[in-house]
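Inside the fold
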Amino acid sequence: MERIWLLIPVLLMSTAGPAASDTVGPPGTGVPATFEAPDESGPPEVSRAVDLQACDVSNDAGGAVDLTWLMETGGVIPDSLAVIRTSPSGEEERIAILAPGSIMYRDTTASNGVEYEYRIVSLIRGEEAASSGTAAAAASAQWIHSGRIGMMVILIILAGAILYFIDTGKKGKQLYIREIAGLAAVDDAVGRATEMGKPVLYIPGIMDMDDIQTIASMVILGRVARKTAEYGSPLLVPTCRSVVMSVSQEVVKEGYLQAGRPDAYNKEHIQYLTDDQFGYAAGVDGIMVREKPAAIFLLGTFYAESLILAETGRSVGAIQISGTAMPSQIPFFVAACDYTLIGEELFAASAYLSREPKLLGSLKGQDAAKLFFIVLIVLGVVAATIGQFWPPLNGIAEFLRDIVTVN
Amino acid sequence: MNWDMVGIWLGALTTLFLYSFLYRDNPFYKFAEHLFVGMSAGYWLIYSVFNVLIPNWWDRMLPEGGGFQWVWLIPGVFAVFMLARMVPKIAGLSRFALAMIVGTGAGLNMVTFFQSNALAQVKGTIFSVATGGVWSVFSSLVLVVGVVSGLVYFFFSKAHTGMTGRTASVGITILMVAFGASFGYTIMARISLLVGRVTFLLEDWLPTIPRLFGIGG
């Protein structure tokens, strides 16, 4: 009976045929050889792949097939393995060369819906020495990720709550939002700059427009631009990304239009400096010490440059309103700025400032989500804790964990 | 010419120029700042062309194997829309590209953020607080109370008064303690950066001064 073991590559190498010096005991010790002499009846056979399985990769966008196999032991270890793919038309293609110990491969070049036949070939000096059997599979795309259905359900419920509150707001019902100190000070900061005859400096972070915090920052920039237009203060917006510069120009222009002061809009005040993090920090520091703004807004995504900017702003005597959702940078803003929007307060700012029913409804819906998660956590912790002493409750804790698990 | 020496001197001088900002704005800082901003802007332009534009767009539109992948014309058209900003009459076209970037960014991030910042955190908080010794129980309670009260702090639909206010106070207190710890931790990392620069000046640059003037070995 043929003996087959599943071997990891290291084990496979260790059985590859030890060097002669390792196979006998030290001279004169009388220790016998530790391996059996090769069968001299004929050359040993080359190990080949067996039990080859091919299957479509689940929960993907298609174009991929997973192959797994085991390697026969006892034979000569091949130099390498080749993955051979045969298309329905009979065309054979060598799609990969693998190390001899390999036991899996993902073909990411398959066409969706085409059934390919795969086999693994053992190569000795580049020549085919042995071949596995064949396995067939076709790649396909999945519209729904089965491991994320829980997340989808929760998202639908939360989206429903948000839509409900938006609808309520649109119908004229007053939606209450508590005061956020940093935002209440926006008008004061712009007013102060106007009184002092100095500009307002707005720094939208160092990330691009695909970052949620930068998007939130743009909404606040619109409000600040409207205020500066009304008060007649210059607004400077140095940016770290060219796309952010373009969006900022649009947002500020819109703000000036809404304030009825399109003539006051100066495109040159919204400029791109550099993509480099510290190059940008050096440039903004230079603007701060030369222009001496009376109010500085640092709202968006910040990294290590946060304290450099906030400290320089403080040194020129500006009133500073900052906000970011980067946990590691919030401490620096708290230490060096007059007002700091912590985490989600930055995202709530747009609703707070605009009082638009759509944004207020969205914020209310998010509050509903927070309430949902608080209830989930409290129930889960109570169930898991009591479940230690009364096991049936463990099932509830497990169920709650499963709901929020994403694969 | 000894290029190593040139490199050390350039590094040392620009370092000193930038540190001169600690005294006040001055021409040396201004020079270093403009050099830094200009060089980095140029560097990122070239980087974007050769590491983003060519491999991610051009090479995919015209692959080595031949053929023209017309679908890649779409991002190309959007890129041209962005450049349309330079022509006032058609500047509005850039809004299509900007809308595409902002919309796609928000949509893609929604799933990622919801998964990592909400669901994973909730899952990590559902556990038994009555395991381990006294300190372990205390630590677990701080974690759960911190998460719940922190969430209450970020509840915007209710004024921070009464029970909500007291819970929110606990939340912001725990947040501030965490921020304080994070502040100290990061400052230590910054000090190590400073130590690195000072070590460079003392050990790499300073010994070159006598050599430059032919003094010593």
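All values reported here derive from a predicted model rather than from experimental measurement.

What counts and how
Every chain's residues receive numbers from 1 upward, in the order its sequence appears when written. A letter from A marks each chain and a number from 1 marks each ligand, given out in the order of writing. With pLDDT at 70 or above as the cut-off, local features in this predicted model cover only qualifying residues; side-chain atom pairs require 80 or more to be listed or tallied, and sums for whole chains, interfaces and linings still use all residues. A run of DSSP states H or I qualifies as a helix once it reaches four residues; a run of E qualifies as a strand once it reaches two. Both are numbered from the N-terminal end. Computation of the radius of gyration draws on C-alpha atoms alone. For the globule rule, the value is 2.2 Å times the number of residues to the power 0.38. Our exposure labels follow a C-beta count within 10 Å of each residue's own C-beta, placed from the backbone: buried means 20 or more other C-beta atoms, exposed means 12 or fewer, and partly exposed covers the counts in between. In this description, any two residues whose backbone-derived C-beta atoms lie within 7 Å of each other are considered to be in contact. Two strands are said to pair when DSSP picks up at least two bridges between them. A fitted line through C-alpha atoms serves as each axis, taken over the contacting stretch for helices, and the angle formed by two N-to-C directions is quoted from 0 to 180°. For our purposes the nonpolar core covers buried Ala, Val, Leu, Ile, Met, Phe, Trp, Tyr and Cys residues that link as a set through C-beta atoms within 7 Å. Residues are grouped as follows: Ala, Val, Leu, Ile, Met, Phe, Trp, Tyr, Cys and Pro are nonpolar; Asp, Glu, Lys and Arg are charged; all remaining types, including Gly, are polar. An angle below 35 degrees is read as roughly parallel, one above 145 as roughly antiparallel, one from 65 to 115 as roughly perpendicular, and any other as oblique. What makes a crossing left-handed is the near helix being turned counterclockwise from the far one by less than a right angle; a clockwise turn instead makes it right-handed. Multiplying 1.5 Å by the helix residue count minus one yields the expected span of that helix. Arc definition: directions from the helix axis to the C-beta atoms.

**Looking at the overall build of chain B**
The secondary structure content of chain B amounts to seven helices and zero strands. The secondary structure elements of chain B, listed N-terminal to C-terminal, are α-α-α-α-α-α-α. In terms of overall size, chain B is more extended than a compact globule, its C-alpha atoms giving a radius of gyration of 28 Å where 217 residues would be expected to give roughly 17 Å. With respect to the principal axes defined by its C-alpha atoms, chain B has extents near 70 × 65 × 40 Å. Buried residues in chain B amount to 14% of all 217 residues. For chain B, contacts bridging at least 24 residues in sequence account for 19% of all contacts bridging at least 6.

**Here's the deal with the sheet that holds strand E2 (residues 65-71) of chain A**
Residues and elements named next belong to chain A. With antiparallel pairing, three strands are arranged side by side in an open sheet as E1-E2-E5. Each of the sheet's edge strands pairs with one partner strand only, and the pair in question is strand E1 (49-56) and strand E5 (104-107). Neighbouring strand axes in the sheet, compared pairwise and without regard to direction, differ in orientation by 15° on average. Bridging between E1 and E2 involves six bridges; their strand directions are antiparallel. Opposite Ala49, over in E2, you have Met71 as the bridge partner.

**Some words on the nonpolar core**
What tends to happen in soluble globular proteins is that the nonpolar side chains get buried as a cluster. With 84 residues, the main nonpolar core has A:Tyr202, A:Val224, A:Ala295, A:Phe297, A:Leu298 and A:Ala349 as its most contacted residues. In terms of residue count, helix H6 (residues 212-231) of chain A provides more of this core than any other element does, nine residues in total. With near-sequence residues (within four places) excluded, A:Val224 lies in contact with A:Val186, A:Val190, A:Val200, A:Tyr202, A:Leu235 and A:Phe297. Counting residues in each nonpolar core, the second largest holds 20 residues, with A:Ile154, B:Leu119, B:Val122 and B:Ile126 among its members.

**Structural notes on the interface of chain A and chain B**
Contact with chain A, which involves 57 residues of that partner, is made by 50 residues of chain B. Of all the secondary-structure elements, those providing two or more residues to the side of chain A that touches chain B are helix H3 (149-170), H6, helix H7 (242-258), helix H8 (277-291), helix H10 (330-336), helix H11 (344-354), helix H12 (357-387) and helix H13 (392-403) of chain A. With 14 residues, the single largest contributor to the side of chain A that touches chain B is H12(A). Of the residues contributing to the side of chain A that touches chain B, the split by class is 32 nonpolar, twelve polar and 13 charged.

**Some thoughts on unusual backbone geometry**
Residues and elements named next belong to chain A. Phi is positive for Arg125, close to 50°, though the residue is something other than glycine. In this fold, Arg125 is placed in the loop between strand E6 (115-124) and strand E7 (127-131). For Lys292, which is not glycine, the phi torsion reads 45° and is therefore positive. Structurally, Lys292 can be placed in the loop between H8 and strand E12 (295-301). Overall, Lys292 belongs to the partly exposed group, with 14 C-beta atoms counted inside 10 Å.

**Notes on the sheet that holds strand E10 (residues 235-239) of chain A**
Residue and element names in this part refer to chain A. Reading across from one edge, E11-E10-E9-E12-E13-E14 is the order of the six strands in this open sheet, with parallel pairing throughout. Looking at strand neighbours, the two that pair on one side only are strand E11 (270-272) and strand E14 (339-342), the edges of this open sheet. Each adjacent strand pair in this sheet contributes to an overall mean axis angle of 15°, direction not counted. As defined by bridge partners, strand E13 (residues 319-324) adjoins E14 across four bridges and the pair is classed as parallel. Within the sheet, the bridge partner assigned to Gly323 lies in E14 and is Leu341.

**Concerning the packing of H12(A) against helix H5 (residues 134-153) of chain B**
For any two helices packed against each other, the geometry is given by the interaxial angle and the distance between the axes. Where H12(A) contacts H5(B), the two axes come as close as 10 Å, and the packing angle between them is 160°. In this view, H12(A) runs roughly antiparallel relative to H5(B), as classed from their interaxial angle. In this structure, H12(A) meets H5(B) at a crossing whose hand is left-handed. Side by side, H12(A) and H5(B) meet where A:Lys370, A:Phe373, A:Ile374, A:Ile377, A:Val378 and A:Val381 of the first sit next to B:Val144, B:Val147, B:Val148 and B:Leu151 of the second. In terms of residue class, the contact of H12(A) with H5(B) is built from nine nonpolar, no polar and one charged.

**Some remarks on the packing of H5(B) against helix H6 (residues 162-205) of chain B**
Residues and elements named next belong to chain B. H6 packs onto H5 with a crossing angle of 115° between their chain directions and a minimal axis gap of 7 Å. By the angle between their axes, H5 is roughly perpendicular relative to H6. With respect to the hand of their crossing, H5 and H6 are arranged in left-handed fashion. Along its contact with H5, which presents Val145, Gly146, Ser149, Gly150, Val152 and Tyr153, the element H6 presents Thr164, Thr167, Ala168, Val170, Gly171, Ile172, Ile174 and Leu175. Counted by class, the contact of H5 with H6 contains eight nonpolar, six polar and no charged residues.

**What to know about H3(A)**
For H3(A), which comprises 22 residues, the first-to-last C-alpha distance of 31 Å matches the rise-based estimate of 32 Å (1.5 Å per residue) to within 8%. Restricting attention to buried positions, one finds in H3(A) the residues A:Met151, A:Ile154, A:Ala161, A:Ile162, A:Phe165, A:Ile166 and A:Gly169. All buried residues of H3(A) project into a common sector of 135° when viewed along the axis, lining one side. In H3(A), the exposed positions that point more than 90 degrees away from the buried face belong to A:Ile149, A:Val153, A:Ile156 and A:Gly160. Those residues of H3(A) that are buried lie in contact with H12 of chain A together with helix H4 (94-125) of chain B. Following H3(A) by one or two positions, A:Gly172 has its phi on the positive side, about 105°.

Nothing here speaks to function; it is geometry throughout.
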